[in-house]
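# Remarks on the overall topology
The residues making up each chain are set out below.
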Amino acid sequence: MLALTLLALAAGVPLSGGMATAVACLALLVFGLPHGTLDLEIIRAQQAGPWTGMVTLVLLYLGLAAAMYGLWRAEPVLALAAFIAIAVAHFSEDWDGAGPVILRAGLALALLAAPTLLHRAELDAIFIGLTDRAGASAVTDGLMLVLPVAVGLGLIAIASLWQAGRRDQAIGGLAALTGMLVLPPIIGFALYFCLFHSPRHFRESLLTLNWRGVASWGGVVLPLTLAAGAIGVLVFGLEIRAAMPERIMAASFMTLSILTVPHMLVPPLIATLSKLRHPHALKTETA
């Protein structure tokens, strides 16, 4: 992904053009979908209860995904705002060594708000293209409003990571923020999502499960990635857009949001249910 971006820059290919946008959106799905495929295995390894059965978990995931898609259809601007809020919460997990949650969330928000500084018009076009609503520019207004505070918090978070000895996270944060500032929004986001966020979470999931080698995880990751890809194809088929790049962009980001909602909500929901069912076990562990 990075090599293709550098080659495009060297060849003078417009990174904000329709073809570059379509390629970046497809890359988001190809390289981004696998990192959430281990959720169910982690839940089943860490929690116990009637709700940890595979059928129950799959139905819960599909139900939340369907609810998010329904929101896109009914209130697309609200769905966009919700997706950004969920993304901030999710991306804040990338900076777990930065200290207080306000710093981690600030850096995550800075990444999403950064394009409003140099690419305001392009971000407006993206949001309007996603929602098919002119009012989506209000979301850009909101991101521009919080940009100064978010960038300030983000720089403090990067400095905190460096001081804590987490140099890889600090460098990754600075590189991601720089990319989101100077590159076209979708290209910058795709580079961050595909080269930093997804590999980091996938690696952490493998460590949690203590799975090593493709033989241990390939049988889970591959079919679930294909299933998630099928959801993307379905969303693509349901989207009616004037231009193919817009259709691909809408389907890609809707699919990401549809899958991110259960990816974020199901694990803490199951953990909460387990605590309610076994409160005494929780107290014993705490003691």
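Residues numbered from 1 in each chain as written. Predicted model: local features only at pLDDT ≥ 70, side-chain atom pairs only at ≥ 80, totals over all residues. Heavy atoms only, no water.

## Concerning the nonpolar core
Test applied: In plain words, nonpolar cores are sets of buried Ala, Val, Leu, Ile, Met, Phe, Trp, Tyr and Cys residues tied together by side-chain atoms within 4.5 Å. Only protein chains enter the accessibility calculation, which uses a 1.4 Å probe; a residue whose area is less than 20% of its type maximum is buried, one above 50% is exposed, and one in between is partly exposed. The criterion used for residue contact is that any of the two residues' heavy atoms lie within 4.5 Å.
Counting 66 residues, the largest nonpolar core has F127, F189 and F253 as the members making the most contacts within it. Those residues in contact with F253, other than ones at most four positions away along the chain, are C25, L28, F83, L130, I186 and F189. Grouped together as the second largest cluster of nonpolar side chains are 8 residues, L38, I42, F202 and V221 included.

## Some remarks on unusual backbone geometry
Peptide bonds are trans in most cases, and residues, glycine excluded, mostly fall at negative phi. Defined as follows: Working definition: helices are DSSP H or I runs of at least four residues, strands are E runs of at least two. Numbering for both runs from the N terminus.
Notably, D132 is not glycine yet its phi reads approximately 60 degrees, a positive angle. Take D132: it is sitting in the loop between α8 (120–131) and α9 (137–163). Judged by its relative accessible area of 58%, D132 is exposed.

## Some words on the environment of A230
Structurally, A230 is set in helix α12 (residues 214–238). Residue class for A230 comes out partly exposed when judged on its relative accessible area of 44%. Linking A230 and T255, residues 25 residues apart in sequence, is a C-alpha distance of 9.9 Å.

## Remarks on the confidence of the model for the protein
As a reminder, the rule being used: pLDDT measures how confident the predictor is about each residue, on a scale from 0 to 100.
Per-residue confidence for the protein gives a mean pLDDT of 84; residues scoring 70 or more make up 88%. Contacts of residues 6–11 to residues separated by more than four positions or lying in other chains number 3 contacts, the stretch itself having pLDDT below 50.

## Here's the deal with the environment of H197
Inspection of the secondary structure assignment puts H197 in helix α11 (residues 185–209). The residues contacting H197, other than those within four sequence positions of it, are H35, H90, F91, D94 and Y192.

## Describing the packing of helix α3 (residues 39–46) against helix α4 (residues 54–74)
Threshold: Only C-alpha atoms enter the line fits that serve as axes; for helices the fit covers just the stretch in contact. Angles between N-to-C directions range over 0 to 180 degrees. By the definition adopted for this analysis, an angle is roughly parallel if under 35 degrees, roughly antiparallel if over 145, roughly perpendicular if from 65 to 115, and oblique otherwise. By definition, any crossing whose near helix is turned counterclockwise from its far helix by less than a right angle is left-handed, and any crossing with a clockwise turn is right-handed. Under the scheme applied, nonpolar residues are Ala, Val, Leu, Ile, Met, Phe, Trp, Tyr, Cys and Pro; charged residues are Asp, Glu, Lys and Arg; polar residues are all the others, including Gly.
Here α3 crosses α4 at 130 degrees, and the two axes come no closer than 11 Å. Taken together, the axes of α3 and α4 lie oblique to each other. As α3 runs across α4, the sense of the crossing is right-handed. Counted together, D39, L40, E41, I43 and R44 of α3 and M54, L57, V58 and Y61 of α4 form the full contact between these two elements. Considering only residue class, the contact of α3 with α4 consists of 6 nonpolar, no polar and 3 charged.

## Section: the packing of aromatic side chains
Spelled out, the test is: Here a pair means two rings of Phe, Tyr or Trp (six-membered ring of Trp) with centres within 6.5 Å. Their orientation is stacked below 30 degrees between planes, edge-to-face above 60, and tilted elsewhere. Lysine NZ or arginine CZ positioned within 6 Å of the ring centre and within 35 degrees of the ring normal marks a charge as sitting over the ring.
Counted under the stated rule, the structure contains 9 aromatic pairs. With 5.2 Å between their ring centres and 85 degrees between their planes, F91 and Y192 make a pair best called edge-to-face. Residue F91 is found in helix α5 (residues 76–91), and its partner Y192 is found in helix α11; the two are separated by 101 residues along the sequence. We note that F91, like Y192, is buried. Taking the centre distance of 6.4 Å and the plane angle of 15 degrees together, the rings of W95 and Y192 count as stacked. Linking W95 in the loop between α5 and α6 (101–113) with Y192 in helix α11, this pair joins segments that are 97 residues apart in sequence. A single burial state applies to W95 and to Y192, both of which are buried. Following the ring pairs from residue to residue traces out a cluster consisting of F91, W95, F189, Y192, F193, F196 and F253. Note that R167 overlies the ring of W162, its terminal NZ or CZ placed 4.2 Å from the centroid.

## Some points on the pattern of salt bridges
Put simply, the rule reads: When a carboxyl oxygen of Asp or Glu lies within 4 Å of a side-chain nitrogen of Lys or Arg, that pair is called a salt bridge.
For the structure shown, the criterion picks out 5 salt bridges. With a shortest N-O distance of 2.9 Å, R200 and D96 are connected by a salt bridge. Of this pair, R200 sits in helix α11 while D96 is found in the loop between α5 and α6, placing the two residues 104 residues apart along the sequence. When its relative accessible area of 9% is taken as the criterion, R200 is described as buried. What makes D96 partly exposed here is its relative accessible area of 41%. Each member of the salt-bridge network shares a partner with another, and the members are D96, R166, R200 and E204.

## Regarding a nonpolar patch on the surface
Stated precisely, the cut-off is as follows: Residues with no salt bridge and a relative accessible area higher than 30% make up the patches, which join like charges within 9 Å and nonpolar side chains (Val, Leu, Ile, Met, Phe, Trp, Tyr) within 5 Å. Exposure was quantified through the Shrake-Rupley algorithm and a 1.4 Å probe, taking into account, for residues, occlusion by the shown protein chains and nothing else.
On the surface, a cluster of nonpolar side chains totalling about 220 Å² of accessible area is made up of M54, V58 and L62. With a relative accessible area of 46%, L62 lands in the partly exposed category.

## Here's the deal with α9
One full turn of an α-helix is made of 3.6 residues, so residues set three or four places apart face in the same direction. For the record, the criterion: Multiply 1.5 Å by the residue count of a helix minus one, and that product is the helix's expected span. Fitting axes to the seven residues that end at a residue and to the seven that start at it, the angle between those axes gives the bend at that residue.
Over its 27 residues, α9 extends 38 Å from the first C-alpha to the last, a length consistent with the 39 Å expected when each residue adds 1.5 Å. The largest bend in α9 amounts to roughly 50 degrees and is located at L147, with the proline P148 lying one to four residues further along. Residues of α9 that are buried make contact with α5, α6, α7 (115–118), α8 and α10 (167–182). Residue G165 follows α9 closely and has a positive phi angle near 85 degrees.

## Quick word on the side chain of S257
For S257, the location among the structural elements is in helix α13 (residues 244–277). Excluding residues within four positions of it along the chain, S257 makes contact with M68, W72 and F83.

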